[in-house]
Amino acid sequence: MGYKSIKKWPEGERPRERLLKYGAHNLSDAQLLAIILRTGWGGKSAIDLAVEMLHAFGDLKRIESASPGEFVSFKGMGSAKIAQIKASFELSRRLLEKPNEKGPQCFSGNDVYLYYCQRFRNVNKEVFYCALLNAKNRIFRDNRISEGTLTNALIHPREAFREAIKESAASVIFIHNHPSGDPSPSREDILITERLVEAGDIVGIKVLDHVIIGDGQFASMMEKGYIKK
């Protein structure tokens, strides 16, 4: 491009102006990142800094998961810019987690996977959710039960069914991720599923499925025969 300052670029080529004129979806990763960074440093524009970071980390996923200390090698990346990047990714994650009052009807593990897979993108720890469904198998709310390595002790039926009982859910589906990318059920996953199904029978809320989400794939405990239809 030849210009070091974005302010000196032709107005139609500046990232912020392009976003407002053409929409955020028409901007590249580097352009969107440059808008968050706002300024460059030492003769480099925000675009230059964004491109440098993308090249060093490889993709947005690695930038999102990087610790603050991993940014210090980039000249111009002070605490304010690091905070801006972290805040933008956290807002995106919270938006994905916002309950959808008109969620999808779920009749298969694939339905659940399609609805939740984006929520687990770039999540590097196991997170366990309970989705609440109405009588038409439509998700109307979900809540996070736990974070961290999944164990039978960590997932207590009382906590798992608390909101389902309060909201008079007709049924529930449990969902969690495997950060390794392999959704194959572990022995612990199977034991937890059995325990939750038994608890559901006691409180009168049917457990339709327990879906494990990996990298581009999933495992349905119902479809694998661990939960009876």
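Residues numbered from 1 in each chain as written. Predicted model: local features only at pLDDT ≥ 70, side-chain atom pairs only at ≥ 80, totals over all residues. Heavy atoms only, no water.

Attention shifts here to the overall build of the protein chain. Of regular secondary structure, the protein chain possesses eight helices and five strands. For the protein chain, the N- to C-terminal ordering of α and β elements is α-α-α-α-α-α-β-β-α-β-α-β-β. The 229 residues of the protein chain split such that 41% are buried. Taking the contacts inside the protein chain whose residues are at least 6 apart along the sequence as the reference set, 58% of them involve residues at least 24 apart. A total accessible area of about 12,900 Å² is found for the protein chain, and carbon and sulfur atoms account for 51% of it. (Helix = DSSP H or I, 4+ residues; strand = E, 2+ residues; numbered from the N terminus. Buried < 20%, exposed > 50% of the residue type's maximum accessible area, 1.4 Å probe, protein only. Contact = heavy atoms within 4.5 Å. Areas by Shrake-Rupley, 256 points an atom, 1.4 Å probe, with all protein chains shown as cover.)

Glancing now at the confidence of the model for the protein chain. For the protein chain, per-residue confidence averages 87 on the pLDDT scale, and residues scoring 70 or more make up 89% of the total. Mean pLDDT across the secondary structure elements of the protein chain bottoms out at helix α1 (residues 15-22), with 84, and peaks at strand β5 (residues 218-220), with 98. (pLDDT = per-residue confidence, 0-100.)

Turning our attention to the packing of aromatic side chains. Enumeration according to the criterion identifies eight aromatic pairs in this entry. Judged by centre distance (6.4 Å) and plane angle (40 degrees), the rings of Tyr-116 and Tyr-129 are tilted. Taken as a pair, Tyr-116 in helix α6 (residues 109-116) and Tyr-129 in strand β1 (residues 127-133) lie far apart in primary sequence, 13 residues in all. Both residues of the pair, Tyr-116 and Tyr-129, count as buried. (Phe/Tyr/Trp six-rings, centres within 6.5 Å; stacked < 30°, edge-to-face > 60°.)

Here the focus is the layout of surface pockets. A volume near 510 Å³ is recorded for the largest pocket. Along the walls of the largest pocket sit 16 residues, with Leu-60, Glu-64, Phe-89, Ser-92 and Asn-122 positioned nearest its centre. Looking at the lining of the largest pocket, the elements that each hand over two or more residues are α2 (29-37), α4 (60-65) and α5 (79-97). No other element matches α5, which puts five residues into the lining of the largest pocket. Among the residues forming the lining of the largest pocket, the class breakdown is six nonpolar, four polar and six charged. (1 Å grid on protein atoms, 1.4 Å probe; cavity = no way out; pocket = protein on both sides within 12 Å on 5 of 7 lines; lining within 4 Å. Points joined across faces, edges and corners; volume = space filled by probe spheres on them. Nonpolar A, V, L, I, M, F, W, Y, C, P; charged D, E, K, R; others polar.)

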